[in-house]
Amino acid sequence: GRVEEARQAALESAEIAGKTGMETAEAGTDSLQGRVSCAEGDLQEGLRKLRRAYDTYRRLGTRFHLAVNLRWLGEILGEEEDGPLRLEEARRLFREMGLEFRPRMLP
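All of the points below concern the structure found in this document. Given the structure is predicted, the values throughout are model-derived calculations rather than measurements.

Each value, and the rule that gives it
- Residues numbered from 1 in each chain as written.
- Predicted model: local features only at pLDDT ≥ 70, side-chain atom pairs only at ≥ 80, totals over all residues.
- Heavy atoms only, no water.
- Helix = DSSP H or I, 4+ residues; strand = E, 2+ residues; numbered from the N terminus.
- Contact = heavy atoms within 4.5 Å.
- Areas by Shrake-Rupley, 256 points an atom, 1.4 Å probe, with all protein chains shown as cover.
- Expected span 1.5 Å × (residues − 1).
- Buried < 20%, exposed > 50% of the residue type's maximum accessible area, 1.4 Å probe, protein only.
- Salt bridge = Lys/Arg side-chain N within 4 Å of Asp/Glu carboxyl O.
- Axes fitted to C-alpha atoms, helices over the stretch in contact; angles between N-to-C directions.
- Parallel < 35°, antiparallel > 145°, perpendicular 65-115°, else oblique.
- Left-handed = near helix turned anticlockwise from the far one by under 90°.
- Core = buried A, V, L, I, M, F, W, Y, C linked by side-chain atoms within 4.5 Å.

Details of the overall build of the chain
The helix and strand inventory of the chain stands at 5 helices and 0 strands. Taken from the N to the C terminus, the helices and strands of the chain come in the order α-α-α-α-α. Nonlocal contacts in the chain, meaning residues at least 24 apart in sequence, comprise 46% of its contacts between residues at least 6 apart. Surface summary for the chain: the accessible area is close to 6500 Å², and the carbon and sulfur share equals 53%.

Next comes the structure, spelled out in structure tokens:
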């Protein structure tokens, strides 16, 4: 169902990112692939890709994408590792951008 659709979207995203060579597109692909991996139960691979997207967004200064990715990381990590810190950083960024923070993106 939805995971299969997301997996297909991630494959298409990777193809586009590869053609454009744009770092933001590559980070978006990492973020999407990371969420798909987590949904399929491969948390280690999923978190690796989400963290790589986080690093790229932070380096490029793309605050909105960084905030969204932080929210994903925080929700996936939950109370483990630095999950609460990631959610707090996401809240701060959303607030600074004048946007509403909506937790619980995950089903």
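Now, onward.
Section: helix 2 (residues 23-39)
For helix 2, spanning 17 residues, the distance from its first C-alpha to its last is 24 Å, which sits close to the expected 24 Å at 1.5 Å a residue. All of the buried residues in helix 2 are Ala27, Thr29, Asp30, Ser31, Leu32, Gln33, Gly34, Val36, Ser37 and Cys38. Once helix 2 finishes, Gly41 follows within two positions and takes phi at roughly 95°, a positive value.

Topic: the pattern of salt bridges
Enumeration over the complete set of coordinates arrives at 11 salt bridges. Among the ionic pairs, Arg59 bridges to Glu23, the shortest N-O distance being 2.5 Å. Residue Arg59 is found in helix 3 (residues 43-60), and its partner Glu23 is found in helix 2; the two are separated by 36 residues along the sequence. Judged by relative accessible area, Arg59 falls into the exposed class, the value being 52%. Its salt-bridge partner being Arg91, residue Glu88 comes within 3.5 Å of it at the nearest N-O pair. With a gap of 3 residues between them, Glu88 and Arg91 both fall in helix 5 (residues 83-96), about one helical turn apart. Glu88 sits in the partly exposed class, given a relative accessible area of 40%.

Here we look at the packing of helix 3 against helix 4 (residues 63-77)
For any two helices packed against each other, one specifies the crossing angle of their axes together with the interaxial distance. Running from N to C, helix 3 and helix 4 cross one another at 155°; their axes reach a closest spacing of 9 Å. It follows that helix 3 is roughly antiparallel to helix 4 by the angle criterion. The handedness of the crossing between helix 3 and helix 4 comes out as left-handed. Contact with helix 3, carried on its side by Leu43, Leu47, Leu50, Arg51, Ala53, Tyr54, Tyr57 and Arg58, involves His65, Leu66, Asn69, Leu70, Trp72, Leu73, Ile76 and Leu77 of helix 4 and no other residues of that element.

Here's the deal with the nonpolar core
Nonpolar side chains in soluble globular proteins tend to end up buried together. Of all hydrophobic cores here, the largest spans 20 residues; its most connected members are Leu50, Leu66 and Leu70. Ranked by residues supplied to this core, first place goes to helix 4 with 8 residues. Residue contacts for Leu50: discarding those within four places in its chain leaves Asp30, Ser31, Gly34, Arg35, Cys38, Asn69, Trp72, Leu73 and Ile76.

Quick notes on the environment of Arg92
Relative to the elements of secondary structure, Arg92 occurs in helix 5. In sequence terms Arg92 and Ala67 are 25 residues apart; their C-alpha atoms lie 8.5 Å from each other.

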